Amino acid sequence: SYLLASDKPLHKPVSGNDAISRLDVLFHQMADALRDAARKEKAILNNVNDCICSLDSSLKFVNCNPAAQHFFGISAEEIIFTRFSDYLSDKDRKNCHEFLSNVKQGLTSESLAVTLHRTGGEALEILFSAQWVPTEGKEGEWFCIFHDITERRAIERLKQELVAMITHDLRTPLTTVQNFLEFLSDGSYGDPGDEAKLYLPGAVRSSQRMMTLIGDLLDI
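Residues numbered from 1 in each chain as written. Predicted model: local features only at pLDDT ≥ 70, side-chain atom pairs only at ≥ 80, totals over all residues. Heavy atoms only, no water.

A. Expanded view of the overall build of the protein chain. Each helix and strand counted, the protein chain has seven helices and five strands in total. When the helices and strands of the protein chain are read in sequence order from the N terminus, they spell out α-α-β-β-α-α-α-β-β-β-α-α. A compact globule built from 220 residues would reach a C-alpha radius of gyration of about 17 Å, whereas the protein chain, at 32 Å, exceeds it by more than 25%. Dimensions of the protein chain, computed from the C-alpha atoms along their principal axes, are close to 110 × 45 × 35 Å. Looking at the protein chain residue by residue over its 220 residues, the buried ones come to 26%. Restricting to contacts in the protein chain with at least 6 residues of sequence separation, those with at least 24 account for 43%. (Helix = DSSP H or I, 4+ residues; strand = E, 2+ residues; numbered from the N terminus. Rg over C-alpha atoms; globule rule 2.2 N^0.38 Å. Buried < 20%, exposed > 50% of the residue type's maximum accessible area, 1.4 Å probe, protein only. Contact = heavy atoms within 4.5 Å.)

Structure representation (structure tokens):
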């Protein structure tokens with residue numbers, strides 16, 4: 001048991017067919033299963049893109065996986081000497097404390113979007129989730145996952161800009177053209193003439209078709 005807890009090689013299996021030897025075989029099988037699970041867990045933590053870490057009650061980093069370097073701009077070893085709140089603006093820091101307080105009281109299980117100010121000045125937008133785990137004899141720890149949403153937010157902003165451009169630069173001018181064509185068609189500006197009357201219906205249909213296409217484009 002001591003060797004297993006210390007992550008050291010176990011003694012060779014006990015020979016024989018009595019209760020002790022059978023127990024020793026089961027112990028070795030358990031040890032192999034635990035080590036296999038630990039290897040798989042380590043492989044996942046070391047290769048996942050999200051930052052997975054633990055923080056103490058003062059939000060100081062206790063442990064983190066290698067992905068933390070992407071999020072904070074320094075190595076996982078250096079991050080241990082810093083606090084999560086050090087990378088947040090005053091507004092996000094306040095929101096973070098309120099969010100963690102609600103999580104601790106069981107009032108929310110949602111994630112919080114904040115902006116990390118990495119070492120070197122670069123900003124990173126993340127989605128932050130946390131779980132409070134009380135520990136016996138200690139204050140407890142936070143287990144957190146940080147997911148990078150910088151690219152997603154950039155795409156959302158680009159989408160908003162595209163919608164605004166289509167609305168302002170295409171649909172609004174076309175609405176003006178449609179109104180003018182309708183005024184011409186109903187004689188608000190007088191008799192447009194036989195030649196204009198011949199081409200006005202086609203122009204109205206074309207403008208309506210364009211408006212439908214713009215609507216479809218905005219839906220997409």
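B. Geometry of the pairing of strand S5 (residues 141-148). Taken together, the five bridges between strand S1 (residues 51-55) and S5 define a ladder with antiparallel strand orientation. Opposite leucine 55, over in S5, you have tryptophan 142 as the bridge partner. (Pairing = 2+ DSSP bridges.)

C. Representation of unusual backbone geometry within the structure. Residues other than glycine seldom take positive phi values, yet aspartate 7 does so here, at roughly 60°. Within the fold, aspartate 7 resides in the loop between helix H1 (2-5) and helix H2 (19-47). Even without being a glycine, leucine 59 presents a positive backbone phi close to 70°. With respect to the element layout, leucine 59 can be found in the loop between S1 and strand S2 (61-64). The exposure class assigned to leucine 59 is buried, which follows from its relative accessible area of 3%.

D. Local environment of the side chain of aspartate 92. You can see aspartate 92 is positioned in helix H5 (residues 90-104). Notably, aspartate 92 is buried but unbridged: the nearest opposite-charge side chain belongs to lysine 91, and the N-O separation is 6.4 Å. (Lys, Arg positive; Asp, Glu negative; His and termini not counted. Salt bridge = Lys/Arg side-chain N within 4 Å of Asp/Glu carboxyl O.)

E. The sheet that holds S1, seen in detail. Taken in spatial order, the five strands line up as S2-S1-S5-S4-S3 in an open sheet, and their pairing is antiparallel. Single-partner strands in this sheet number two, and they are S2 and strand S3 (112-117). Neighbour-to-neighbour, the strand axes of the sheet open up by a mean angle of 35°, direction not taken into account. Strand contacts of H5: S3, strand S4 (123-133) and S5, with the helix running at about 25° to S4, the strand carrying the most contacts. Of the strands in this sheet, S3, S4 and S5 touch helix H6 (residues 150-185), which is tilted by about 125° from S4. (Axes fitted to C-alpha atoms, helices over the stretch in contact; angles between N-to-C directions.)

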